[in-house]
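# Chain and residue survey
The residues making up each chain are set out below.
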Amino acid sequence: LNPKQDWIEEAKKKAALRAVEHVKDKFIIGLGSGSTAAYAIEELGRKIKRDQLHILAVPTSYQAFMLAIKNGIPITTLDENPVLDLAIDGADQIDKELNLIKGMGGALAREKIVASASKKFIIIADETKKVKVLGEKHHPVPLEVIPFASKSVMLKIEGIGGTPTLREGTGKVGPIITDNGNVIIDAEFGSIQEPAKLEDRLDSIPGVVETGLFIEMADIVYLGARSTVKKCEK
Ligand code: 5RP
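Residues numbered from 1 in each chain as written. Predicted model: local features only at pLDDT ≥ 70, side-chain atom pairs only at ≥ 80, totals over all residues. Heavy atoms only, no water.

### Quick notes on the sheet that holds strand β7 (residues 141–145)
What counts is decided by this rule: Paired strands, as defined in this entry, are two strands with at least two bridges between them according to DSSP. The secondary structure listing takes helices from DSSP runs of H or I that are at least 4 residues long and strands from runs of E that are at least 2 residues long, numbered from the N terminus. Each axis is a line fitted through C-alpha atoms, and for a helix only the stretch in contact is used; angles between axes span 0 to 180 degrees, taken between their N-to-C directions.
The strand order across the open sheet formed by 4 strands is β8-β9-β7-β10, and the pairing between neighbours is antiparallel. Edge positions in the open sheet fall to β8 (163–166) and β10 (208–211), since each of these has one partner strand only. For this sheet the average axis-to-axis angle between neighbouring strands, irrespective of direction, equals 30 degrees. Pairing analysis gives 5 bridges linking β7 to strand β9 (residues 183–188), with the strands arranged antiparallel. Opposite Pro 142, over in β9, you have Asp 186 as the bridge partner.

Here it is as structure tokens:
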């Protein structure tokens, strides 16, 4: 790690620790995906052991599932527990209204389902994820799309002024396939002035399963900085 990455990893860990402080005995918890959420899963495993908690967790991805098992966190499903007490997840961009872009890990559909099933949704990130306007710095909005519809969805994205790219895998040739058997299209729109409107338009395209725009979903954001963690609330 170079020194820059070093402080970012520490900031992510500190934010994760703050989120896990919200966990109480008998909670049903949604486990997010990505490198920051992974720190929260590890801390949750330690907390369960230390405080002898009875917790059940719904993972949002195969990654979160494997990490939960590795860290001794008992798993449940949304079928058994359709209402969660708390979900903790990372994000790729966060604006001042706490709207988010998520999905660079390709887990956005399950992440959104779990967040919407949860009474409280806490986001953890390092402060480099904070932006003035979602979509700035050419950041795309990831969309989970049914493979059958990928070309027609891409055309429709172009029709509303976006630039779509089918996400390719690393360690595998061809497109990445999500945990739900779908593809990811990264759609770039530049700075997004009205994210709620864009979310509605994208959601109405047949074949789009979910979008990475999370509008008015986060209750609390913990932003890790070099020496502190900033708490932002709705
Ligand atoms: C995965 C996500 C992740 O939470 C997001 O990409 C942030 O990941 P990281 O904490 O590794 O930066 O939305 O679909």
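### A look at the nonpolar core
What counts, and what does not: By nonpolar core is meant a set of buried Ala, Val, Leu, Ile, Met, Phe, Trp, Tyr and Cys residues that side-chain atoms within 4.5 Å join together. Note on exposure labels: buried denotes an accessible area under 20% of the residue type's maximum, exposed denotes more than 50%, and partly exposed covers the range between, all computed with a 1.4 Å probe on protein chains only. What makes two residues a contact is simply this: any of their non-hydrogen atoms within 4.5 Å.
Judged by nonpolar contacts, the single largest core of 28 residues is most densely connected at Val 23, Leu 31, Leu 44, Ile 124 and Tyr 222. Mapped by element, the contributors of at least two residues to this core are α1 (3–20), β1 (28–31), α2 (35–51), α3 (62–70), β3 (86–89), β6 (121–126) and β12 (220–224). For this core, the element with the highest residue contribution is α2, accounting for 6 residues. In this view, Val 23 contacts Ile 29, Leu 44, Lys 47, Leu 53, Ile 55 and Leu 86; residues no more than four positions away in its chain are not counted.

### Structural notes on helix α5 (residues 150–159)
Threshold: This arc describes the spread of directions from the helix axis toward the C-beta atoms.
By the burial criterion, the buried members of α5 are Ser 150, Val 153, Met 154 and Ile 157. Summarising the axial view, the buried residues of α5 lie within an arc of 100 degrees, below the 170-degree limit, and thus occupy one face. Every exposed residue of α5 that faces more than 90 degrees away from the buried side is listed here: Lys 151, Leu 155 and Gly 159. Its buried side turned inward, α5 meets β7, β8, β9, α6 (195–203) and β10.

### Some remarks on the site of the ligand
To be explicit about the condition: We define proximity as follows: a residue is near a molecule or strand when any one of its heavy atoms falls within 4 Å of that partner. Whenever a nitrogen or oxygen atom comes within 3.5 Å of another N or O atom, the pair is scored as a polar contact, on the condition that within protein one atom can donate a hydrogen and the other can accept it, and that pairs from neighbouring residues in sequence are kept only if both atoms are in side chains. Reported accessibility uses the Shrake-Rupley method at a 1.4 Å probe radius. Residues are deemed covered only where the shown protein chains occlude them.
Taken together, 17 residues form the shell around the ligand, and within it Ser 35, Thr 36, Asp 92, Lys 102 and Lys 129 come nearest. Residue Glu 111 places a side-chain N or O atom 3.1 Å away from an oxygen atom belonging to the ligand. Calculation on the ligand without its partners gives an accessible area of 380 Å², and the protein chains cover 90% of this total. Where the shell around the ligand is concerned, the elements lending two or more residues are α2 and α4 (108–116).

### Notes on α3
Regarding α3, the residues found buried are Ala 64, Leu 67 and Ala 68. Looking down the long axis of α3, one finds its buried residues gathered within 105 degrees of arc, a one-sided arrangement. Opposite its buried face, α3 presents the exposed residues Tyr 62, Ile 69 and Lys 70, each directed more than 90 degrees away. Where the residues of α3 are buried, they touch β1, α2 and β2 (56–59). Downstream of α3 by one or two residues, Gly 72 has phi in the positive range, about 70 degrees.

### A few points about the environment of Thr 128
Along the polypeptide, Thr 128 turns up in the loop between β6 and β7. Note on Thr 128: relative accessible area 39%, which makes it partly exposed. C-alpha of Thr 128 to C-alpha of Ile 55: the two residues are 73 residues apart in sequence and 32 Å apart in space. The residues touching Thr 128, leaving out its near neighbours within four places in the chain, are Trp 7 and Ile 8. Side chain to side chain, Thr 128 and Asp 126 meet in a polar contact 2.2 Å long.

Note that all results are geometric; they support no functional claim without further evidence.
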